[in-house]
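# Structural characterization, general
Here are the chains, one letter per residue:
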Amino acid sequence: MSKSIEAIDLNVYYGSFLAVEGVNISIAPRSVTAFIGPSGCGKTTFLRTINRMHEVLPGARAEGRLLMDGEDIYAPGVDPVTVRTQVGMVFQRPNPFPTMSIRDNILAGHKLNGKRMSKSEADGIVEKSLRGSNLWNEVKDRLDKPGSGLSGGQQQRLCIARSIAVEPNVILMDEPCSALDPISTLAIEDLINELKDEYTVIIVTHNMQQAARVADKTAFFNIAGTGKPGKLIEYDETSVIFNNPGNKQTEDYVSGRFG
Ligand SMILES: Nc1ncnc2c1ncn2[C@@H]1O[C@H](COP(=O)(O)OP(=O)(O)OP(=O)(O)O)[C@@H](O)[C@H]1O
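Owing to the predicted nature of the structure, the values given are computational and were not obtained by experimental measurement. (Residues numbered from 1 in each chain as written. Predicted model: local features only at pLDDT ≥ 70, side-chain atom pairs only at ≥ 80, totals over all residues.)

When helices and strands are counted, the protein shows 10 helices and 10 strands. Over its C-alpha atoms the protein spans a radius of gyration of 18 Å, differing by no more than 12% from the 18 Å that the globule rule assigns to 259 residues. Counting only C-alpha atoms and orienting by the principal axes, one finds that the protein spans roughly 55 × 45 × 30 Å. Sorting the 259 residues of the protein into buried and exposed places 44% on the buried side. (Helix = DSSP H or I, 4+ residues; strand = E, 2+ residues; numbered from the N terminus. Rg over C-alpha atoms; globule rule 2.2 N^0.38 Å. Buried ≥ 20, exposed ≤ 12 C-beta atoms within 10 Å, placed from the backbone.)

A few words on unusual backbone geometry. The backbone of Asp 9 sits at a positive phi, close to 50°, despite the residue not being glycine. With respect to the secondary-structure elements, Asp 9 resides in strand β1 (residues 5-14). Positive phi values are uncommon outside glycine, yet Glu 167 reaches one of about 50°. Looking at where Glu 167 falls in the secondary structure, it is placed in the loop between α6 (152-165) and β7 (170-174).

Taken together, 13 residues form the shell around the ligand, and within it Tyr 14, Ala 19, Ser 39, Thr 44 and Thr 45 come nearest. Counting only elements with at least two residues in the shell around the ligand, the list comes to β2 (17-27) and α1 (43-49). When residues in the shell around the ligand are grouped by element, the largest group, 3 residues, is from α1. Residue composition of the shell around the ligand, grouped by class: 5 nonpolar, 7 polar and 1 charged. (Near = placed C-beta within 6 Å. Nonpolar A, V, L, I, M, F, W, Y, C, P; charged D, E, K, R; others polar.)

What follows deals with the confidence of the model for the protein. The pLDDT averaged across the protein works out to 95; a share of 100% of its residues lies at or above 70. Interface confidence in the predicted complex, given as ipTM, is 0.98; pTM for the same model is 0.95. (pLDDT = per-residue confidence, 0-100.)

Turning our eyes to something else, we now look at the pairing of β1. Bridging between β1 and β2 involves 7 bridges; their strand directions are antiparallel. Within β2, the position partnered with Val 12 by the bridge is Val 20. Counting the residues that bridge the hairpin from β1 to β2 gives 2 residues, and of these Gly 15 lies at a positive phi of roughly 60°. As paired strands, β1 and strand β4 (residues 60-68) are joined by 8 bridges and run antiparallel to one another. Bridge pairing in β4 places Ile 8 opposite Arg 65. (Pairing = 2+ DSSP bridges.)

See the structure below:
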């Protein structure tokens, strides 16, 4: 079930370094949101606070509030492991478990959560997840072969299948196409379009055409200089950000004048 995400006055630190300052953003369920901005402005750092992955680094922490359907995921007593099952993440480089079969890759999240299931239930999850990531037809006859035997684009769709197998509410994608060829990139972009029927999707991308193609809304982050915190500068419908931005910094960035 897709859920909304809202950050309220969120500051994100690495030790004493304030990497991202004062983010306020409200992301609707069943939508695709792109985070864009120059290198080092904190896109990935902010993304990783949304499933409480940021804090796994020593000294890393977030301050402020981050609501998923109105519930603060940083409230005392909230288990970060539970948050991570509700908020899936897909990384820059496809990272299937290389020696595990395609089938076991899909079931890895359930196994990790200690879920017991019958073979038919497991088969159902494998097929549904692979259909959901547009990979079923390509792999249905080799489910017991290792995930590492797939092409890069197929591996990335396998990682998406793995993340949707546990039925998350939100899917985070950190430059999911940066290691892929143009055809595989289009396949992932088509898939992102379909995923928003069921999930809230947030994607970090350096590719502005990609943001324009896949995102309903776009958030532009910027940084004033080295050592300064990144900030959310403008957040609006993607067409507004690219065609009629309200902020000069956004305009300079999307028109290629810097970054
Ligand atoms: N593990 C870390 N420890 C300390 N500082 C970090 C760490 N990771 C990132 N930073 C710093 O936090 C700031 C934001 O980095 P982040 O990677 O989030 O930016 P980004 O916008 O995603 O950049 P890029 O587009 O290059 O991936 C940068 O100043 C970066 O140097």
